[in-house]
Each structure stands twice: as structure tokens, then as C-alpha cells.
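# Architecture at a glance
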Amino acid sequence: MKISHTYGWLLAALLLGSAVPSYAEITPNSATESAAAATHRCPMHPDETGALNDRCSICNMFINEPIPAATAEQLYRCPMHPDETGALNDRCSICNMFINEPVPAATAEPLYRCPMHPDETGALNDRCSICNMFINEPVPADSDPHAAHNHPEPVASPVAAALAPLPSALPSATSSETTTQYLCPMHPHIVGEEGDTCPICGMDLEPVTVGGSADAIEVNVSGDMQQALAVRTAAVERGTLWRYLPTLGTVEYNQDAISHIHTRVTGWVEGTQVHNVGQRINKGELLYQLYSPELVTAQDDYLQALDYLQQRRDGQALLRKARLRLQLLGVDESVIAQLERTKSSLYRVPFYAPQSGIVSQLNLRDGMYIQPGETQIELVDLRSVWVIADVFENEQSWLKVGNFADVTAASQGIFAREGVIDYLYPTLDPVTRAMQVRIKLDNADEVLRPGSLVDVELYGGARRNLLIVPTEALIQTGRENRVVVKRRDDSFSAVAVTLGMISQGKAEVLSGLNEGDQVVVSGQFLLDSEASIQGSLRRLSADAKPSEHNH
């Protein structure tokens, strides 16, 4: 019975073995079905995919991260080199990093433009068809990328034109030896060979013809570029210049209109009528009374001389001396007349103002004892004032006494009040190197106040038949003066000039220009800079020639 059971189990095993296929038979089909059913991937190794909770063959982690449906055709790029794109987890050809940063849909086909010519667009680092610069400036999202194909080419703006490269400089036709060098219009220090490009901006190197250092530098500028640079010219012509000098001045007292009142005898002051500085005094007005024994004695002597004259006819000389003594002691004529009329001496002798004016100094009070040598009152007449103006050393050669001047004090309502130069001070200020000019000015309304700062315009005679240019055409470097001359419609050159008189926006030209020449009055600094650069290149070329002959 036991044997029959054993054979039964063996028979069942054989039957089951024949029904189950071998491992070799099921492996290909199972792998195909497994790959088709792969819905998840390893979190650490995204290339390892399979069914949910399968094991990763690399790290043995569970494969439990769902595979996004969109990643089948997703484009990725390198985090360090955005231009390197590919499938997920490919290697960057530059740094060998994983390519795992998704490329935004909007950047799949980015649009760029030329920094100098915004209408020229293309892919990143393409070349501009106009200036050959790299196209590397992103086009704003709100701009129309096809606008350049629908509209004519616009005129460059003044700002873009100012930054645009200036055309190369050419020598004059008189050059006997010339050489050609290639340099970048935007970076003139970049010099290379024909066909080279600038390593900074990518522009083609332009040919520049240079010759001897004595050749004139000419810069060629097209009409469109001149319009973009706002180049304006003016003709050199002959005309008349009036000597004119604006400066500043200070109002001061007229020293000729100041009166000092002194006593000529000792005594005591009584009955003072002047009380403070600034008080207005009229001519003949009583100032104070003075008791002085010396004045009383002089009056008595004069009265005795009068009595003696009545008794004897030879008393005229004595009377004249007594009267002169009173006058020299400062007694007014009205007081002497009163003595003659009353025949009585005055113990308090009055003193009157010799002129009208303002009290600028007062050293007098009732009861004060005064004596000769002290200034009791100072009177200033403001109906005439002086204006002291400063004139620099290089502008004083044509000034002279008698020239007219206008004085303006806008804060006091005075405009162009006429005056005359009445004195030129002989010395210069050691600090400012300025000469002082004195102008006498009427001030009948007494509006101008001493100490005020005023504007002064000094005038001289006219100089006629001068060669003149506008001052805005001048390029003043401190070492020399230059102008940019228009030689032809598209050719300019910088010329050194010698200047003479400068007045009211015009400058006299002594040498360097001819009548009828066209000088640039706007945009000349860019042209002069280009000419200076080319002049430097010429000098470098001239210096290099001797060294070449030494080999």
C-alpha cells in the first residue's frame, strides 16, 4: 500500500513538469511583456523602469515613482550650458553633467537681435548682416519679430548713432607713403589682419589707411550718420565784434562825497541835534552847540576890532585878521554876521552841516568834552556811489577811463543803469590776479545801497572786419584750440586755430581758417575724437617704420 502511494506522487510530479514550460522558453516573452507594462521608475536611477514595487537592478530600491506621460518626448538641457540639449539624463558634451533641466516651451526657438541694429534678428550668436556683430540681445516678448519685414528700415536714433562706430579716417591726397591697418570700429585698440573679426563684439575689422604724421586727418561720415549725430555747420565770415565784458561789482560810498566834521578848539558840547548813525542830515541844519573859552575870546577880539575901525580908518587890517581867525576856528558866516549885528559875543556857538547826507559815524553826545584831532560826525552823500568791479588779467588790455558801463541790481529793481569808468586801479589782487575798475554811478533815488552785489557790463570800442566763428564750434583743450572743418559733403577734419578777441558768443580767428570755411558747431566732439585716434595710429605707424629698417 505504501509503494502505491509513492508511485502516485511521482506520477503527479511528472504530469505537472510536462505542463510547465522551461525558464528558457518563458524568459523572452516575459521580458517583453514586462517592458511593455513598465509604469514606474527608480527614484534614484530614472533609467531603471518596471512594474510597481519591482526592485532596481542598481540600488535595489523599490521602483515606485510613476513615469510622467509627457516625458517620452520631453527636451532637456544642461544646467551649466543651456545650449546643450538632449534626452533626460544624457551627458553634456562640455562638462559631462546630466542633462536633466526641462527646456521651457517658449525657449525652444529663442529669438535674438543685434545690439546695434534691432531689426536684425536670428538665433543666438548668429551674425548681423549689417555690422557682423553677434546677435545676442533677447527680443522683448511684446515686440513683433516680423516687424522688420513689413516696414522700411528706420533712421537710427541719435543715441544709437552716437554709440555706433564712426567710419574710418582717411589721409589727405598729399600723402606720399601710406599703410593699411585693420581695426575694430567699436574698439580701435583691436588691430589685426584682413578678414579678422573683433574678439569683443564680433565686428569685421575695417581697413584704415595711415601715412606720415604731417598728413591731415579726415573723417568720412555719411549723410545718414550726420543726421543721426545732429551735425550742424556754420560759415566762417567777417564781421564786427564789440568789446564786451560781463562781471560782478560791489557798491561802495563815493569817497569824494564823504564829509568829516571836526572841532578846531576844545570845549563842551551842548544842544546836540544828531542822535544816531543813519540819520539823514540836510545842508545847513544845526548839528550841535559848543561852549569854548577860546571861541569867546576870538569873538571879543572881533568886536573890539569893529569898534576900533569906527574910531580910526586904519583899522581895516586888524578887523580882517580878527574875522579870519573866527573863520579858521570853524565859526559859520551866519554867526559872524550875527556878531556884527548884535555887537554881543555868543557863549554857545552853533555849528551847522556843511552838506546833506547820511550819518555814517557819530562820536558826539551832550556834555562831552571834545578837542581837535577827533572825528565827531561823518556824513556820506548817497546821491552818487562807486561800483568796484573785478576784471581778470587777460581782459584788461582794452579797458580805459571813459568807457561806458551798465549796472544791474535786479533785487533792487535797477536794470542797465548807465555809468562811466572813472578810474583803473594800478595794482592787481595778489590772490585772484584781478584788476579793480571803478565806475561812478548816479544814485539820485538812493536805491543802491553800499555793500550790494551788482552785475556789471563793461563796453569798449568796436573792432571791424574780423574773421569770426561761433564759440560753440571751439574745442578748447587747455593746450590748444581746435575746430572741425567740413571739407566735403562727407569729409571732416580737425584744425588747430589761434584765437583773438572773444565776445558775445563770437571768437576772432587769427590763423587756421579762411573766410567761407564750414565749421561744425554741433557733434564736433565725436568727430574730433575719431580724428585724434587716427592721428595716434599714424604716429605709431611712423614710429614703427625706423625699427623695421633696422632688421
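I will try to describe carefully the structure that is included in this document. (Residues numbered from 1 in each chain as written. Predicted model: local features only at pLDDT ≥ 70, side-chain atom pairs only at ≥ 80, totals over all residues. Heavy atoms only, no water.)

### Digging into the environment of Gln504
Quick note on the threshold: Counting from the N terminus, the helices are DSSP H or I runs at least four residues long and the strands are E runs at least two residues long. Classification of residues uses two cut-offs on accessible area relative to the type maximum, computed with a 1.4 Å probe and protein chains only: under 20% is buried, over 50% is exposed, and between them is partly exposed. Two residues qualify as a contact provided that any one of their heavy atoms is within 4.5 Å of a heavy atom in the partner residue.
Topologically, Gln504 is positioned in the loop between strand E38 (491-503) and strand E39 (506-511). We classify Gln504 as exposed; its relative accessible area is 54%. Note: C-alpha distance between Gln504 and Tyr244 (260 residues apart in sequence) is 7.1 Å. Sequence-distant contacts of Gln504, defined by excluding residues within four places in its chain, comprise Trp242 and Tyr244.

### Side note on the packing of aromatic side chains
Stated precisely, the cut-off is as follows: The aromatic pairing rule takes the rings of Phe, Tyr and Trp, using the six-membered ring of Trp, and pairs them if the centres are within 6.5 Å, calling planes under 30 degrees apart stacked, those over 60 edge-to-face and the rest tilted.
Enumeration according to the criterion identifies 5 aromatic pairs in this entry. Here Trp268 and Tyr369 contribute two aromatic rings whose centre-to-centre distance is 5.0 Å and whose plane-to-plane angle is 55°, an arrangement assigned as tilted. With Trp268 in strand E24 (residues 267-270) and Tyr369 in strand E29 (residues 369-370), this pair connects stretches of sequence that are 101 residues apart. By relative accessible area, which is 40% here, Tyr369 ends up partly exposed. Ring pairs connect the aromatic residues Trp268, Tyr291 and Tyr369, which therefore count as one cluster.

### Here's the deal with the nonpolar core
As a reminder of what qualifies: Residues grouped as a nonpolar core are buried Ala, Val, Leu, Ile, Met, Phe, Trp, Tyr and Cys residues, joined through side-chain atoms within 4.5 Å.
Ranked by internal contacts, the top residues of the largest apolar core, which has 32 residues, are Leu287, Tyr288, Leu290, Leu295, Tyr302 and Ile377. Residue assignment for this core shows that the elements contributing at least two residues are strand E26 (286-291), helix H6 (293-311), helix H7 (316-328), helix H8 (333-342), strand E27 (349-352), strand E28 (357-362) and strand E30 (375-380). It is H6 that contributes the most residues to this core, 6 residues altogether. The residues touching Leu287, leaving out its near neighbours within four places in the chain, are Ile261, Gly271, Thr272, Gln273, Val274, Ile281, Phe351, Tyr352, Ala353 and Ile377. Residues Leu245, Val391, Leu399 and Met435 belong to the second largest nonpolar core, which totals 21 residues.

### Thoughts on the pairing of E26
The condition that has to hold: In short, DSSP must find at least two bridges between two strands for them to pair.
With 3 bridges joining them, E24 and E26 adopt antiparallel strand pairing. Paired with Trp268 across the two strands is Tyr291, which belongs to E26. Pairing geometry for E26 and E27, over 4 bridges, is antiparallel. In the strand pairing of E27, Leu290 is matched with Val349.

### Overview of the packing of H6 against H7
Definition in use: Throughout, an axis means a line fitted to C-alpha atoms (over the contacting stretch in the case of helices), and angles, computed between N-to-C directions, take values from 0 to 180 degrees. Just so you know how the angles are binned, under 35 degrees is roughly parallel, over 145 roughly antiparallel, 65 to 115 roughly perpendicular, and the rest oblique. For a crossing to be left-handed, the near helix must be turned anticlockwise from the far one by less than a right angle; the clockwise case is right-handed. In this classification, Asp, Glu, Lys and Arg are treated as charged, Ala, Val, Leu, Ile, Met, Phe, Trp, Tyr, Cys and Pro as nonpolar, and every other residue, Gly included, as polar.
Taken N-terminus to C-terminus, the directions of H6 and H7 make an angle of 160°; their axes are 9 Å apart at the nearest point. As judged from the angle between their axes, H6 and H7 are roughly antiparallel. The element H6 and its partner H7 pack so that their crossing is left-handed. Contacts from Ala298, Gln299, Asp301, Tyr302, Ala305, Leu306, Tyr308 and Leu309 of H6 reach H7 at Gln316, Leu318, Leu319, Ala322, Arg323, Arg325 and Leu326. Split by residue class, the contact of H6 with H7 holds 10 nonpolar, 2 polar and 3 charged.

### Side note on the sheet that holds strand E11 (residues 112-113)
Strand order across the open sheet formed by 3 strands is E12-E11-E15, with antiparallel pairing between neighbours. The open sheet is flanked by strand E12 (121-122) and strand E15 (137-138), the only strands paired with a single partner. Taken together, the 2 bridges between E11 and E12 define a ladder with antiparallel strand orientation. Its bridge partner lying in E12, Tyr112 is registered against Gly122.

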